[in-house]
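As a plain string of letters, each chain reads:
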Amino acid sequence: MTVTVDVTALQIAARIASTIDPVFAMIDGWRDRIETELLAVSTPSAAALDPFVADLVGPALEAPGSLITGAGFVAAPGYLADAPWHLAWWLSGANTFGAGAQQGLRRLEAVSDPDAEQFRDYTALEWWRVPARTGGRHLTGPYVDYLCTDDYTVTITTPVRAAGEMAGVVGTDVYVASLERVLLPVVRESGHPCTLVNASGRIVTSTDSHRATGALLRLDGLVEALAPLREREGGAQDATALPGGAALVPCGDTSLALVLEAARD
C-alpha cells in the first residue's frame, strides 16, 4: 500500500539522494576506466594496475571537503598474474586507520598471504559478495570496518568486468560520522521523528538519540516495506505506509530510505 507524504519529506529524500548520487557516479566512472585499462593489456598485473588506480582515486580522496575516506580496486582471487589476492586501496588523510606518524594519502597495508594468521578472505564480505552475486552496485553498512577504517562506515562497491569475467570490485568508504554531519540537519527538517535506514533496516542516522547508528530499526512492517530496495538494489519506489501511522520514503536510487513516524506529544 502506498501513502501520501508531505512535500517536505519528499524533498528531504531527494536531498539525501543528491548527496549520495555523486559518489555513485564517481565510482561508475572509475569502473569504466579500470575496465578499459584491463582490456588494453594482455596480462593484467598488480605492478601495472596499482599506479593507475592510485592516480584514479587519489584526487577525489584529497579533494577539500571530500566525503570519502578510502577508495580503490579489489581484485578477484587469481585475476592478477602477480598477486593472487590483492587490494589496491588508498586512504585519505582524514582516515586515521593505522596512520601512526603518516600524514595524507597512503596505501592500505593489507595482508595478502592466505597462509598468514591475519589474512581475511574479502570475498566473504558483504561489499564483495553482493555485487558479485547481483552484478550491480551495492551499499554496505553502516558497519564497523575492521579492514580499512576501524569505525562505523558505509562502503559502496560495484563490479569490474573484463573479457566476460569479474575482475574485481571498485569502490569507496565513507565514515558514517561524516554522513551524519551532512544528513542529520536535513533529516531534522521533516518535523517528524525520522530515521534514515539502509535496505536491511540498519540505522544510518536518526533524530531520536536513542536509536544507535548500525542498530536495526525494529518497526512492524519495515522489513517487508524495504524488500523492494533489497531485491532491486535501489531504484524508484513509492512511499509506503507502515502500521501505526509511520511511512517509508525511499531516497532515489541510493537503497537508503527515510522512516517517518507520527509526531510525539
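Residues numbered from 1 in each chain as written. Predicted model: local features only at pLDDT ≥ 70, side-chain atom pairs only at ≥ 80, totals over all residues. Heavy atoms only, no water.

Peer 1: Help me get a handle on the packing of aromatic side chains, residues and values and all.
Peer 2: Overall, the coordinates contain four aromatic pairs when judged by the stated rule. Residues W85 and Y122 carry aromatic rings whose centres are separated by 5.3 Å and whose planes lie at 75° to one another, so their mutual orientation is edge-to-face. Of this pair, W85 sits in the loop between β1 (70-75) and β2 (87-91) while Y122 sits in the loop between β3 (106-107) and α3 (126-134), and the two are 37 residues apart along the sequence. What makes W85 buried here is its relative accessible area of 18%. (Phe/Tyr/Trp six-rings, centres within 6.5 Å; stacked < 30°, edge-to-face > 60°. Helix = DSSP H or I, 4+ residues; strand = E, 2+ residues; numbered from the N terminus. Buried < 20%, exposed > 50% of the residue type's maximum accessible area, 1.4 Å probe, protein only.)

Peer 1: Just give me the short version of the confidence of the model for the chain, but keep the residues and values in it.
Peer 2: When the pLDDT values of the chain are averaged, the result is 91; 94% of them are 70 or greater. Predicted confidence in the chain is weakest over helix α5 (residues 222-232), with a mean pLDDT of 86, and strongest over β1, with 98. (pLDDT = per-residue confidence, 0-100.)

Peer 1: If you had to explain the side chain of N95 to someone new, which residues and values would you point to?
Peer 2: With respect to the helices and strands, N95 occurs in the loop between β2 and β3. Owing to a relative accessible area of 0%, N95 belongs among the buried residues under this scheme. One polar contact links the side chain of N95 to the main-chain carbonyl oxygen of C148, over a distance of 3.3 Å. (Polar contact = N/O pair within 3.5 Å; in protein donor to acceptor, adjacent residues only side chain to side chain.)

Peer 1: Can you break down the nonpolar core residue by residue, with the values?
Peer 2: Ranked by internal contacts, the top residues of the largest apolar core, which has 69 residues, are I16, W30, I34 and L258. Looking at this core element by element, the count peaks at 11 residues for helix α1 (residues 7-39). Every residue in contact with L258, bar those within four places of it in the chain, is listed here: A9, I12, A13, I16, V187, C194, T195, L196, A247, L248, V249 and C251. The next biggest cluster of nonpolar side chains, apart from the first, holds 13 residues, and it includes L217, L222, L248 and A257. (Core = buried A, V, L, I, M, F, W, Y, C linked by side-chain atoms within 4.5 Å. Contact = heavy atoms within 4.5 Å.)

Peer 1: Break down the sheet that holds β1 for me, citing the residues and quoting the values.
Peer 2: Ordered by their spatial adjacency, six strands build an open sheet running β3-β2-β1-β6-β5-β4, and the pairing between neighbours is antiparallel. Each having just a single partner strand, β3 and β4 (138-144) make up the two edges of the open sheet. As defined by bridge partners, β1 adjoins strand β6 (residues 165-175) across six bridges and the pair is classed as antiparallel. Paired with F73 across the strands is V170, a residue of β6. The sheet contacts of helix α2 (residues 46-62) involve β1, β2 and β3, and relative to β2 the element is tilted by about 30°. Sheet contacts for helix α4 (residues 176-187): β4, β5 (152-162) and β6; angle to β6, the most-contacted strand, approximately 60°. (Pairing = 2+ DSSP bridges. Axes fitted to C-alpha atoms, helices over the stretch in contact; angles between N-to-C directions.)

Peer 1: Hey, could you go over the environment of D151 for me, with residue numbers and the actual values?
Peer 2: Its location among the elements puts D151 in the loop between β4 and β5. Along the sequence, D151 and E261 sit 110 residues apart, while their C-alpha atoms lie 29 Å from each other. Beyond its immediate stretch of four places on either side in the chain, D151 contacts Y143, V144, D145 and Y175.

Peer 1: Explain the pattern of salt bridges residue by residue, including any values.
Peer 2: Evaluation of the coordinates by the stated rule reveals seven salt bridges. Between R31 and D28 there is a salt bridge, with its nearest N and O atoms 3.5 Å apart. Of the two residues, R31 and D28 both sit in helix α1, three residues apart, roughly one turn of that helix. A salt bridge links R137 to D253, with the shortest nitrogen-to-oxygen separation between them at 2.8 Å. (Salt bridge = Lys/Arg side-chain N within 4 Å of Asp/Glu carboxyl O.)

Peer 1: Now, about α1: what can you tell me, with residues and values included?
Peer 2: Helix length check: α1 (33 residues) gives 47 Å between terminal C-alpha atoms against 48 Å at 1.5 Å per residue, within 8%. The largest bend in α1 comes to about 30°, at I20, with the proline P22 one to four residues further on. (Expected span 1.5 Å × (residues − 1). Bend = angle between axes of the 7 residues up to and from the residue.)

Peer 1: Provide a residue-level description of the packing of α1 against α4, including the pertinent values.
Peer 2: Contact geometry of α1 with α4 gives a least axis separation of 10 Å together with a crossing angle of 165°. Classified by the angle between their axes, α1 and α4 sit roughly antiparallel to one another. The two elements α1 and α4 cross, and the hand of that crossing is right-handed. Along the contact surface, α1 presents I12, R15, I16, T19 and I20, while α4 presents L179, V182, L183, V186 and V187. (Parallel < 35°, antiparallel > 145°, perpendicular 65-115°, else oblique. Left-handed = near helix turned anticlockwise from the far one by under 90°.)

Peer 1: Tell me about the sheet that holds strand β11 (residues 257-260), and name the residues and values.
Peer 2: A sheet is described by the order of its strands in space; here five strands give the open sequence β8-β7-β11-β10-β9, paired in antiparallel fashion. Either end of the sheet is taken by a strand with one partner, and the two such strands are β8 (203-206) and β9 (240-241). Sheet analysis places strand β7 (residues 194-197) next to β11, joined by four bridges and oriented antiparallel. Bridge pairing links C194 to L260 in β11. Packing against the sheet, α1 makes contact with β7, β10 (247-250) and β11, and its axis sits at approximately 150° to β11. Against the sheet, α4 makes contact with β7, β8 and β11, and its axis sits at roughly 45° relative to β8, the strand it touches most.

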